[in-house]
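Chain by chain, the residues:
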Amino acid sequence: MKGLVANVGTINKQLARYGVKFGIYKNNEFHERLFPFDPLPRVITAAEWSVLEKGLIQRVDALNAFLGDIYGEKNIIKDGIVPEDFVYLSSGYLPQCEGIKPPLGVFSHISGIDLVKGKNGTWYILEDNLRVPSGASYPLIARDLCRKCSVDTFKNNKVKDNRDYGDLLKGAMDAVNTGGINVIFTPGRYNAAYFEHSYLAEKSGSVLAESQELFVEDNCLYYRSLEGNLKVGSVYRRISDEYLDPLCFLQESLIGIPNLMSAYRAGNVAILNAPGNGVADDKGIYYFVPKMIEYYLQEKPILSNAPTYLPFYEADQKYVLENMDKLVIKDVAEAGGYGVLFGNELSPEKLEELKATILAEPRRFIAQEVIDFEDLPLLEGDTTIERKADLRAFVLSGTETKVWPSGLTRFSRNPDSFIVNSSQGGGFKDTWVLSR
Amino acid sequence: MGAITLNKNNRLFWLGRYAERVYQSVGIVAKMQDMMLDEEDIDIDAFCSKIGIAAIFDSPEDFCKRYPFDRSLQGSIICAADDMLGNGMVLRELLGSLTLSYLQMTVSALELASKSKSCAVELQWVLDDIMAFRGSYAEFVEKTSTRNTIRCGASVERLGTMIRFDATELEIRKECKKLLHRLERSGLDHDAEQLAYITEFISSEEENLNRFELISKVESLFQV
């Protein structure tokens, strides 16, 4: 690691050279920032990874089974495992997707699973992201640049190569392709993750397209190439469900493709990830994922959820209201680190206000024990400091489910803060998975 | 994957224009510095009019200080560089990250030069990065038409500077020939009437070029 530390300036210059940025809107203005990178990687041993890998595959397979069930037979509701309220009242549930069977039955092709490692050494799943999880491009390019900047580091440490993410993505797209080209569909240059969209298009050999470059005719999706319209067989959309198709979802969407859902429903194009996946990564549904694993796979969950309570259930509600100062309360409708309230940080008035809201809208919240997750060292000047960090693991599903042997480790910039989101000032690290 | 849309083709053309504009503009600053050193009598307003920017500079020194680096100044070199990078960024999958990195480096070199006391020397890095960009796309962009679309943009921009800055008619004819050669290989939509004018100019031997008319014909040759 000394080599990486010694070359941190060079690495950061290289990241700047390659435009490794993310966008942020502040006061309605778009700003692009370099994503702060810390050269000290998170290191995961081969043995630890072996468990994580199995657990992540298990979890994503169960989530895919759940999505197929929810938009199909709904057996998990009929059998009383998941209350229907948590499905039909979820903002991620889209009735427009009822009955659609995507190619290979895969709904979540690129899953971003957020984990933290407790100080007791146990990994906990914090959140599943099955809509448009972003972040793979950052450790992907950082690794490439770090290898160039400190050859000895990678000669002396047996780290699994992570530079095949583009191939894994292409594999997932090809597996479900209905005949035609692969497209990465971006809302455009001023999207926060535009760097990632364009970089993944390059690495997966896909075409990067905006809505005006795509159209639906005779229930097929086409790309307006200068050399004639090209049929699109799979589209990796980096745009939220509600903006995808103005004729099906938000009518005012200017960044969607009219009739895309018809083409999808007809089986003429694969959409990665499938619209409607939000029902499975809803913070309320998170509670039920271990139950899904047992229900669909008849297996015991390998990875643990953070201890979670649902105020929807009377016993849980009582516990939450009595122990709010020890819990973190999450609004299920929020994302990106927003809507997360630590009970011990709230004033008595705010606490009472929150209690009243929970009583009025119990379905809207979940409560979790605060996990004292491990701090990772960060370089600051010539010294190291410790900050909270999580891990987003990427699981790709096509003909089989694979875990990318790497991931995005995000850290908080502020001491004592548990919020690691880049939109809130956090940075990132490479994630090393040791090969032995 | 080399399939491109009309929108991307337009961006390729403008990428070529802006990259060349940055390159030519650095040359213009060098020219101004030369004139200052040689203590020539400089009409700064006339000079600005020649390069097509607002005559808002107090002096040649003010021009050399602000024209390259002032983002609030419409038509400054750094604004052209930002536009160049902006067009490049949406073409990453066609150009490749390596080629695109030279555009980012051009912008970074300009920003660094703005902080230097010897900016004339530092601006050399800008030229180097643009040259590296040219070499990189020539080497790594697979499709002939894609490469030549960028080059068409560059030729239009270069011709504009040459015509405005008193290049000889022979030099202008040579550049026009180059432009038409690139046009043939680009597949860009073009205006037949303008093309006929430029073709006739190339083959004519008369030495009475109407420079403003030629600029206008070159500028409106492409329908982008």
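Everything numeric here is computed off the predicted structure, so don't read it as measured data.

## Thoughts on the overall build of chain B
When its secondary structure is counted, chain B shows 11 helices and 0 strands. Secondary structure of chain B in N-to-C order comes out as α-α-α-α-α-α-α-α-α-α-α. Whereas a compact globule of 224 residues would reach a radius of gyration of roughly 17 Å, chain B reaches 18 Å, a difference of no more than 12%. Burial analysis of chain B (224 residues in total) assigns 39% to the buried set. For chain B, the proportion of contacts with a sequence separation of at least 24, taken over those separated by at least 6, is 68%.

## Considering the domain arrangement of chain A
Segmenting chain A into domains produces domain 1 (2-300 + 373-433) and domain 2 (307-369). Computed over C-alpha atoms only, the centres of domain 1 of chain A and domain 2 of chain A are separated by 27 Å.

## Brief notes about the domain arrangement of chain B
All names here are of chain B. Per the domain assignment, the segments of chain B are domain 1 (1-142) and domain 2 (143-224). The gap between the C-alpha centroids of domain 1 and domain 2 is 21 Å. Taken together, the contacts link 21 residues of domain 1 with 17 residues of domain 2. When residues of the side of domain 1 that touches domain 2 are traced back to their parent elements, those giving at least two are helix H1 (6-37), helix H2 (44-51) and helix H7 (119-140). By residue number, the principal contributor to the side of domain 1 that touches domain 2 is H1, which donates 12 residues. Partitioned by chemical class, the residues of the side of domain 1 that touches domain 2 number 11 nonpolar, 5 polar and 5 charged.

## Some points on helix H8 (residues 144-164) of chain B
Residues and elements named next belong to chain B. With 21 residues, H8 ought to run about 30 Å at 1.5 Å a step, and its terminal C-alpha atoms sit 30 Å apart, in line with that. In terms of residue burial, H8 counts as a mostly covered element, since 18 of its 21 residues are buried. Once H8 ends, the next one or two residues include Asp-166, with phi positive near 60 degrees.

## What to know about the interface of chain A and chain B
Contacts between chain A and chain B engage 22 residues on the former and 19 residues on the latter. For the side of chain A that touches chain B, the elements supplying multiple residues, two or more each, are helix H2 (8-17), helix H9 (194-204), strand S7 (207-209) and strand S9 (220-225) of chain A. Broken down by element, the residue count for the side of chain A that touches chain B peaks at 4 residues, all from H9(A). Partitioned by chemical class, the residues of the side of chain A that touches chain B number 10 nonpolar, 6 polar and 6 charged.

## Brief notes about the nonpolar core
Within the largest apolar cluster, 177 residues are counted, with the highest numbers of intra-cluster contacts made by A:Leu221 and B:Val22. Per-element accounting of this core gives the leading share, 10 residues, to H1(B).

## Overview of the pairing of strand S16 (residues 365-369) of chain A
Residues and elements named next belong to chain A. Of all 5 residues making up S16, 4 are buried, and the element is well covered by its neighbours. Pairing of strand S13 (residues 308-309) with S16, which is carried by 2 bridges, proceeds in the antiparallel orientation. Bridge pairing in S16 links Thr-308 to Gln-368. As paired elements, strand S14 (residues 327-331) and S16 share 5 bridges and run antiparallel to each other. From the neighbouring strand, Lys-330 faces S16, where its bridge partner is Ile-366.

## Side note on the environment of A:Asn157
Residue and element names in this part refer to chain A. Positionally, Asn-157 belongs in the loop between helix H7 (151-156) and helix H8 (165-176). Overall, Asn-157 belongs to the partly exposed group, with 14 C-beta atoms counted inside 10 Å. For the pair Asn-157 and Asn-323, spaced 166 residues apart in sequence, the C-alpha to C-alpha distance is 45 Å.

## Details of H8(A)
Here H8(A) spans 17 Å end to end across 12 residues, near enough to the 16 Å set by a 1.5 Å rise per residue. Taken together, the buried positions of H8(A) are A:Tyr165, A:Leu168, A:Leu169, A:Lys170, A:Ala172, A:Met173 and A:Val176.

## Here's the deal with the packing of H1(B) against H7(B)
Residues and elements named next belong to chain B. Taken N-terminus to C-terminus, the directions of H1 and H7 make an angle of 155 degrees; their axes are 10 Å apart at the nearest point. The angle between the axes of H1 and H7 places the two elements in the roughly antiparallel class. The two elements H1 and H7 cross, and the hand of that crossing is left-handed. Here Ala-19, Val-22, Tyr-23, Val-26, Val-29, Ala-30 and Gln-33 of H1 come into contact with H7, specifically with Ala-120, Leu-123, Val-126, Leu-127, Ile-130 and Phe-133. Residues that form the contact of H1 with H7 fall into these classes: 12 nonpolar, 1 polar and no charged.

## What to know about the confidence of the model for chain B
All names here are of chain B. Within chain B, residue pLDDT values average 93, and 99% of them lie at 70 or more. Across chain B, element-level confidence peaks in helix H4 (residues 77-89) with a mean pLDDT of 97 and bottoms out in H2 with 89. Taken together, the chains of this predicted complex give a pTM of 0.91 and an interface ipTM of 0.86.

## Some details on the sheet that holds S16(A)
With antiparallel pairing, 4 strands are arranged side by side in an open sheet as S13-S16-S14-S15 (chain A). Looking at strand neighbours, the two that pair on one side only are S13 and strand S15 (340-342) of chain A, the edges of this open sheet.

## Some remarks on the environment of A:Ala393
Residues and elements named next belong to chain A. Looking at where Ala-393 falls in the secondary structure, it is placed in strand S18 (residues 383-397). C-beta crowding within 10 Å serves as the criterion here: with 29 such atoms nearby, Ala-393 is assigned to the buried category. For the pair Ala-393 and Gly-135, spaced 258 residues apart in sequence, the C-alpha to C-alpha distance is 9.6 Å. With sequence-adjacent residues up to four places away left out, Ala-393 is seen in contact with Leu-52, Leu-56, Ile-113, Leu-115, Val-403 and Gly-407.

## Digging into the packing of helix H6 (residues 97-114) of chain B against H7(B)
Residues and elements named next belong to chain B. One can describe the packing of H6 onto H7 by two numbers: an axis separation of 8 Å at closest approach and a directional angle of 175 degrees. One finds that H6 runs roughly antiparallel with respect to H7. Residues Leu-98, Thr-99, Tyr-102, Leu-103, Met-105, Thr-106, Ala-109, Leu-110, Leu-112, Ala-113 and Ser-114 of H6 form the contact with H7, whose participating residues are Cys-119, Glu-122, Leu-123, Trp-125, Val-126, Asp-129, Ile-130, Ala-132, Phe-133, Ser-136, Tyr-137 and Phe-140.

## Here's the deal with the pairing of strand S3 (residues 37-44) of chain A
Residues and elements named next belong to chain A. Taking burial as the measure, the 8 residues of S3 include 6 buried ones, the bulk of the element. Of the pairings in the sheet, the one linking S3 to strand S21 (residues 427-433) comprises 5 bridges and is parallel in character. Bridging from a neighbouring strand, Arg-42 pairs with Thr-431 of S21.

Reading the values: the criteria
Residue numbers restart at each chain and count upward from 1, following the sequence in its written direction. Labels follow written order: the first chain is A, the first ligand is 1, and so on. Given that the model is predicted, a residue must reach a pLDDT of at least 70 before its local features are reported, and side-chain atom pairs must reach 80 or more before they are shown or counted; all residues, however, enter totals for whole chains, interfaces and linings. Numbered from the N terminus, helices here are DSSP runs of H or I no shorter than four residues, and strands are runs of E no shorter than two. This radius of gyration counts C-alpha atoms alone. The globule rule is 2.2 Å times how many residues there are, raised to the power 0.38. Exposed residues have 12 or fewer other C-beta atoms within 10 Å of their own C-beta, buried residues have 20 or more, and residues in between are partly exposed; the C-beta atoms are placed from the backbone. C-beta atoms are first placed from the backbone for all residues, and any pair lying within 7 Å is then listed as a contact. The split into domains, and so the bounds of each, comes from an automatic or database assignment of domains. Basically, the charged four are Asp, Glu, Lys and Arg, the nonpolar ten are Ala, Val, Leu, Ile, Met, Phe, Trp, Tyr, Cys and Pro, and anything else, Gly included, counts as polar. Every helix has an expected span of 1.5 Å times one less than the residues it contains. Residues enter a nonpolar core if they are buried, belong to Ala, Val, Leu, Ile, Met, Phe, Trp, Tyr or Cys, and are joined to the set through C-beta atoms within 7 Å. A pair of strands is considered paired only if DSSP assigns at least 2 bridges between the two. Interaxial angles span 0 to 180 degrees and are taken between N-to-C directions of axes, which are lines fitted to C-alpha atoms, for helices over the stretch in contact. Angle categories are assigned with fixed cut-offs, so that under 35 degrees is roughly parallel, over 145 is roughly antiparallel, 65 to 115 is roughly perpendicular, and the rest are oblique. Left-handed describes a crossing whose near helix is turned anticlockwise from the far helix through less than a right angle; right-handed describes the clockwise counterpart. Every residue is assigned a pLDDT by the predictor, reflecting its confidence on a scale from 0 to 100.

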